[in-house]
Each structure stands twice: as C-alpha cells, then as structure tokens.
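A structural walkthrough
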Amino acid sequence: MNIFENYLSQIIKLIKLNKDVLKLQNLDNLKNVNLEVPPAHINFDLSTNISLVLSKANKINPNNLANNIKDLLLDKITHFDKIEVAGPGFLNIKLSKEGIISNINDIFKNRDVYGSKKSNEKYNIEFVSANPTGPMHVGHCRGAIFGDVLSNLLLFNGNDVVKEYYINDYGNQIKNFVESVYLRLREIKFKEKFVAKEHLYPGNYIKDIASKIIKKNENIKINNFKDSFEKLKELSLEGSMLLIKNDLKQLGIVHDNFFSETNLVKKDLVNKAVKELQSKNYVEKGYLDPPKGELTKDWKKIKRLIFKSTTFGDDTDRALQKNDGTWTYFANDVAYHSDKINRKFNKLINILGADHTGYIKRISAAVTALSDKKVELNCKVCQLVKLYKDGKPFKMSKRAGDFISVQDLLKEVNKDSIRFMMLSRSNDVELDFDFDKVKEKTKDNPVYYVQYAYARINSIIKTLDKNLSDNIIINSESFNLNEYEKKILRKIFEWPKIVESASYKFEPHKIPFYLYELSTLFHSYWSKGNEDENFKFIEKGKIKRSESLSFIYLIAIVIKNGMKILGVSTPEKM
RNA sequence: GCGUUCGUAGCUCAACUGGAUAGAGCGCCUGACUUCGGAUCAGGAGGUUGAGGGUUCAAAUCCUUCCGGGCGCACCA
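Residues numbered from 1 in each chain as written. Chains lettered and ligands numbered in written order. Predicted model: local features only at pLDDT ≥ 70, side-chain atom pairs only at ≥ 80, totals over all residues. Heavy atoms only, no water.

Before going further, it helps to spend a moment on the protein's contact with RNA strand B. Among the 72 residues in the neighbourhood of RNA strand B, the closest are listed as Ser47, Lys300, Arg304, Asn323 and Tyr449. Looking at RNA strand B alone, sugar and phosphate atoms form 57% of those within 4 Å of the protein. Within the backbone of serine 426, an N or O atom sits 3.1 Å from a phosphate oxygen of RNA strand B. With 10 residues, helix H18 (residues 510-531) is the single largest residue contributor to the surface near RNA strand B. For the surface near RNA strand B, the residue count by class is 27 nonpolar, 25 polar and 20 charged. (Near = heavy atom within 4 Å. Polar contact = N/O pair within 3.5 Å; in protein donor to acceptor, adjacent residues only side chain to side chain. Helix = DSSP H or I, 4+ residues; strand = E, 2+ residues; numbered from the N terminus. Nonpolar A, V, L, I, M, F, W, Y, C, P; charged D, E, K, R; others polar.)

The following block contains the structure:
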C-alpha cells in the first residue's frame, strides 16, 4: 500500500465513523475523493479534494466542512502535523516528523518493489507480430519497445503476463516471400538471373536466407515451386524468424510465446471458432454491401459467411470467407483470439501500428462475442516514428528495399538510448526520432541525464565506502530536512502514483518523464554544494548529515526501479 | 463521405481516470568550472490550451457544432 492509499483509506474511515458529527447524509460519491501531490508552488506534502466532493452531495458549504474535517484529521491521525484549507476547499496536509520517517523506512523496507501495486490479473500481451518476411525495421521498433515495457510494468505489479508474437505465416505475402527465396536459390544453384518483379522481395537478406538454406540442405529440390513449397516455406520462415528474434534480442526484448497462424489453420481452430460464433448466433450467410470509400476493382457480390460485428458497434459486418470460400485473415485472427480466451487470459492487450487502427472495432467485437463480454481486449495504437538525420526527414521505402533496419539503427545508437527515446512520447502521438540527438551524451539526450544522476549517486556511495544495498538507519532525534529535500521527498512519494497511472491506462511513457524530473531534482540538489559549502554532502571522506545520505539512497532506489521497468541499464560509472 | 486520432509557449511535448497560479526540454537572453565527476547548475523572457457554445463550486480534460493535420476505410495481410 502506498502513502496515498494508506492515508486516504484512513481519512475515509474517519469520515464514515464521524458521519453524523460532520452532518453528512450522503456518502455515495466517496469514490471520487482523491489524495494527491499538491501543485509545486504549495508547500505541503499531500492534498485532498474531500470536502469539495462531499459538500456537493450534501449541499453544504465546502469551507465549513473543510474546517471540520481538518480538526478531525489533526485530532485522529498522528502522522498529520499541519493542515490548511485552501482555495475553494482543498485540504493541504503536512506530515509530522514521525510520519515522514515512517514512510521513508517503508521505502527502504520495500526497495526493489517500492512503487508496485499488487494486482493479480492474467494478461496476454501481443506485440511486434511483424510479418515474417524479413528483418525488423525502425517502424516496428516503437511498438516492440512499448509492448515490452508495458509487460515489465504489469509484471512489476505482480501480474501474470505472457508476451506473445503472432507469426503471420499464412497467405499471399508468405507465398511471395517463399517465391523470392526460391528464385534466389535457383540463382545460386542454376545461375539463373533473378528478375525483380512487383510482388517479389528485393532485399539482400533474401539471398542470405537462400545461401544458408543451401548450406544446410545441399540436396534440396527446387525444380518446381509448387512441389518444393511446403519444405521451402518451413526453411525460409526459419531463416526470417531467426533474423527477427535476433533483432528483438538486441533490443532487449524476449517473447514468451510465438504463435503460428499456419498451425491455427492446420489444427482446424478456425472452423471451431466460427462454429462457436455461429452457435451464439453472430454469424450469417449473406451479402455484404460494397465498400463506401474509393471504388475497389475486385469486389464481388457473393454469398458468404459474415460475422455480425455491427452488433458490437463495428461500422459494418465483416467477411469470414474470401471469394474462393477459404478463410479471411480476420477469420484466422478470430480463431487466434478465441484460443487466447481458451487459455484463460482475462486481460488481452494488442499493440498495433497506426495503420491497423481501423481493425480494432472488429477484433474487439469478436472477443466480446466469443467471451460473452467477460474478457476485455485493449488495443493500443503506436503512431508513426518520423526519422530525422542532419535535421532533415529521412524517408524509407520498403518496396525499394531501402528501409532502415533495426540493425542499421543499432550500429549507430545503443539499446538504452533507443528504448528511452521511443518511450519519451505518449503512444498516440507521432514521434520524432532524431539520429543525431540520440547519439549525444548531453542533457538533450534524456537517457544520459538519468543515468548520470545514478552514476553520480554511486560515486558518492563509493567515496563513503558504502554499498547501495546497505541498510540506512535514520536518526529521528536530529532528523531535519531542508527545502530541497522536502521537494525531493514529495517526488519520491509520488513514484507509486506514477506506476499506478501508467499501468492503469497502459501508458508507460509516464515513467521516463518522471525519471527525468526526479533526476533534475537530484542534479540541482547536488549542485547546491557548488554554490554553498554548507550543502556539500561529504567532508573529509565522511557524510555530513545522515539525512542527505538517506536521500541519495532513496533517489537511487527509485531510479533503479524505474529504469528496470524501462529495460534501460543503470551503470555505476559513466 | 464514414470511422479514428491529435491540435497546449517560436519548436518538440507533459499535465496523475474534472482541481488551485497550465509545466518541462530545445531555441533565445544573463550568470556559475584551481569541480564532493560541468555528461551539470542558477536566473530571465515566452500562453485567450485551434474557434464558438454547453455541463459545474471547478474544464486543456466531459458534451456539442465548426476549423485544421495524421492514420484507416477489400473479400489483401
């Protein structure tokens, strides 16, 4: 339980007990009451809107109520030292010395898990799921890191999390990919010239995959594409997935499960899923209207199986069968999600690229239908990454094969910078990724700024011949905080709140922002010593005040916990 | 046309499921290095939160109508 939850529950308990004294009849909207960090210019530790919320429901003056609550809290909660009624009726609270020390000790006790909030859900989080037709490019990077960090965040809170990659190894794109490998194989073996056609993959990595296949399978039959397809598909996919897994590994991402679309079809899971939808009466055999937007050439009016996704708010019903009667990509995906439900996950998360926004309604509808509204599917969309180099936009073209791969990126920038940078914006906003900035080792590059704060802390600890895992004992007799330390402490107390809101809305970007702010406070705290001797931490190799030592430790604990969630290293020296 | 998403300082973005005087970084201006590591710090200027209307003690946040940008709109994947 964090500091806010702890005190809020105490406050609410007291209000309930003293309902009559406070002349409150209606306590229905107590859930709207919050306890939070006051704005920066207000010199208090906590702030609550309780009298504003309750005065409305009970039609009484918020200021009078606030004063009554103030007296009650000061009387009953020993950790509260001073309370002021401010603005329209906020209660600002200062903690007593015992309160502060008790909360600090709590942090030292919890250490690695400080900030986590116990939760016990079973999550499946699907991310990356890049087509297995080649290595990853920069565009995949954002969703990959977003998904990984979100997983870390949910794990930090004690949830059960399975990180999953859906391999789209079925359908036309794969066929084209395998054909490209096939032609490269013939190029190597029969010296046939590879003729680049529109539907084929031009990249050099196809050659690499082909030559690896030949090395391992000298006698592979490639006389006829149709006959060798199955075997070749298996080998080609092995090759491309190896590339992708290597890219992911270098970014610090490891999936728990790779789920193959082909297997889904082989195991007949699609039939089963469609039958299940049919039994629930969400499928009909009928005609779809032609698409509304631009005219499409190949549209045909054919009777086919249709999922009635409009029942759940989709714009139009969706086809489960193609013209030739085989299943659509969507039908397969329905089966995949049905399988997730059958594996007893109660929370599903999909991380998608911006170009899949239009897909969310139909797949959510399918999950709702299949689970009888019991399982929640949350789709998070990562907007585009715009690359900049030398101040100019850097265009990519996948068709021409001149896209920037994750490998290209890693050649220039380290993993830590990439991860931190990719999370430095909310996922639903486009992100400018500037090659030059991300290489800088200055304040312009926030990852170094945060790492540097941590390294500085370590340099102090080393000077004192101490260890970060040491137990800090706070001497309550002489414990006295200066203004900077009070500011820092409030920030430290805020950490659990940041974790909570980041997990609640699936918005991991709040963590880098917070860590940056915390680091700012630290660098400023540190620099006070440059201006004023009295603020130096160390004198003749010894710590001057035990308070400052405990603060350094607190900051280090939080930075470490935060960076661990981000999957970014915290070097002790830089 | 429909859906979706965004619009906040010159630029790039925050703002904790409606809170107090809307905050950072960059850029610009001023200052601090025989340094407890300057990969840093201190200070300053900079705003009608795209526009109008509504809901309420309280709106950048919710509703509504416009305006503008992104993405999507096959039975493809």
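Sheet architecture is open: 3 strands sit in the order E14-E13-E15, paired in mixed fashion. The open sheet is flanked by strand E14 (392-393) and strand E15 (431-434), the only strands paired with a single partner. As paired strands, strand E13 (residues 385-389) and E14 are joined by 2 bridges and run antiparallel to one another. Bridging from a neighbouring strand, tyrosine 388 pairs with proline 393 of E14. (Pairing = 2+ DSSP bridges.)

Counting across every chain of the model gives 24 salt bridges. A salt bridge links aspartate 148 to arginine 419; the shortest N-O distance between them is 2.6 Å. One end of the pair, aspartate 148, is in helix H5 (residues 138-156); the other, arginine 419, is in helix H14 (residues 415-422), with 271 residues separating them in the sequence. On the basis of relative accessibility, which here comes to 1%, the residue arginine 419 falls in the buried class. The partner of glutamate 192 in a salt bridge is arginine 186, with the nearest N and O atoms 2.6 Å apart. The class for glutamate 192 is partly exposed, based on a relative accessible area of 33%. The class of arginine 186 is buried, set by a relative accessible area of 14%. (Salt bridge = Lys/Arg side-chain N within 4 Å of Asp/Glu carboxyl O. Buried < 20%, exposed > 50% of the residue type's maximum accessible area, 1.4 Å probe, protein only.)

One pass over the full model with this rule turns up 20 aromatic pairs. Seen in terms of ring centroids, tyrosine 282 and phenylalanine 312 are 5.1 Å apart; in terms of plane orientation they differ by 65°. Their pairing is edge-to-face. Of this pair, tyrosine 282 sits in the loop between helix H10 (269-279) and strand E8 (283-286) while phenylalanine 312 sits in the loop between strand E9 (304-307) and strand E10 (318-319), and the two are 30 residues apart along the sequence. Pairing tyrosine 484 with phenylalanine 535 gives two aromatic rings, centres 5.5 Å apart and planes at 80°, and the pair type is edge-to-face. Here tyrosine 484, found in helix H17 (residues 483-504), pairs with phenylalanine 535, found in the loop between H18 and strand E16 (538-539); they are 51 residues apart in sequence, far enough to count as distant. (Phe/Tyr/Trp six-rings, centres within 6.5 Å; stacked < 30°, edge-to-face > 60°.)

Time to look at the pairing of E13. Both E13 and E15 contribute to a ladder of 4 bridges, which runs parallel. By the bridge assignment for E15, leucine 387 is matched with phenylalanine 433.

Note that lysine 386 resides in strand E13. When the C-alpha positions of lysine 386 and proline 291 are compared, they lie 31 Å apart, and in sequence the two are 95 residues distant. Excluding anything up to four places from it in sequence, lysine 386 contacts Glu430, Leu431, Asp432 and Phe433. (Contact = heavy atoms within 4.5 Å.)

Within the fold, glutamate 494 resides in helix H17. Not counting residues up to four positions away in its chain, the partners in contact with glutamate 494 are Phe4, Val37 and Tyr514.

What follows deals with the packing of helix H16 (residues 446-463) against helix H19 (residues 546-566). Relative orientation of the contacting elements H16 and H19 amounts to 140°, with a least axis distance of 10 Å. The pairing of H16 with H19 is recorded here as oblique in orientation. Of the two possible hands of crossing, H16 and H19 adopt the one that is left-handed. In this structure, H16 uses Val450, Gln451, Ala453, Tyr454, Ile457, Ile460 and Ile461 to contact H19, whose residues at the interface are Ile552, Tyr553, Ile555, Ala556, Ile559, Lys560 and Met563. Partitioned by chemical class, the residues of the contact of H16 with H19 number 12 nonpolar, 1 polar and 1 charged. (Axes fitted to C-alpha atoms, helices over the stretch in contact; angles between N-to-C directions. Parallel < 35°, antiparallel > 145°, perpendicular 65-115°, else oblique. Left-handed = near helix turned anticlockwise from the far one by under 90°.)

Before going further, it helps to examine the sheet that holds strand E5 (residues 122-126). The 5 strands lie next to each other as E7-E6-E5-E11-E12, forming an open sheet whose pairing is parallel. Each edge of the open sheet is held by one strand with a lone partner, namely strand E7 (257-260) and strand E12 (376-382). Direction aside, the axes of adjacent strands within the sheet are offset by 25° on average. Here 4 bridges tie E5 to strand E11 (residues 347-353), and the two strands are oriented parallel to one another.

Next up on the list: the domain arrangement of chain A. One frequently used descriptor of interface size is the decrease in accessible area upon assembly of the parts. Each assigned domain of chain A is listed with its residue range as follows: domain 1 (3-95), domain 2 (172-250) and domain 3 (446-566). Across the boundary between the two partners, domain 1 contributes 11 residues, which contact 6 residues of domain 3. Approximately 750 Å² of surface area, both sides summed, lies buried where domain 1 meets domain 3, with 53% of it carried by carbon and sulfur atoms. Counting every contact that joins domain 1 to domain 3 gives 1 salt bridge. A salt bridge links aspartate 45 to arginine 490; its shortest N-O distance comes to 2.8 Å. Of all the secondary-structure elements, those providing two or more residues to the side of domain 1 that touches domain 3 are helix H1 (3-17) and strand E1 (35-36). Of the residues forming the side of domain 1 that touches domain 3, the biggest block, 3 residues, is contributed by H1. Along the lines of polarity and charge, the residues of the side of domain 1 that touches domain 3 split into 7 nonpolar, 1 polar and 3 charged. (Domains from an automatic or database assignment. Buried area = accessible area lost by both parts, 1.4 Å probe.)

Residues at a pLDDT of 70 or more form 97% of chain A, whose mean pLDDT is 90. The complex prediction reports pTM at 0.94, with the ipTM value standing at 0.94. (pLDDT = per-residue confidence, 0-100.)

In this fold, alanine 86 is placed in strand E3 (residues 80-86). Each C-alpha atom of the pair alanine 86 and valine 429 lies 36 Å from the other, and the pair is 343 residues apart in sequence.

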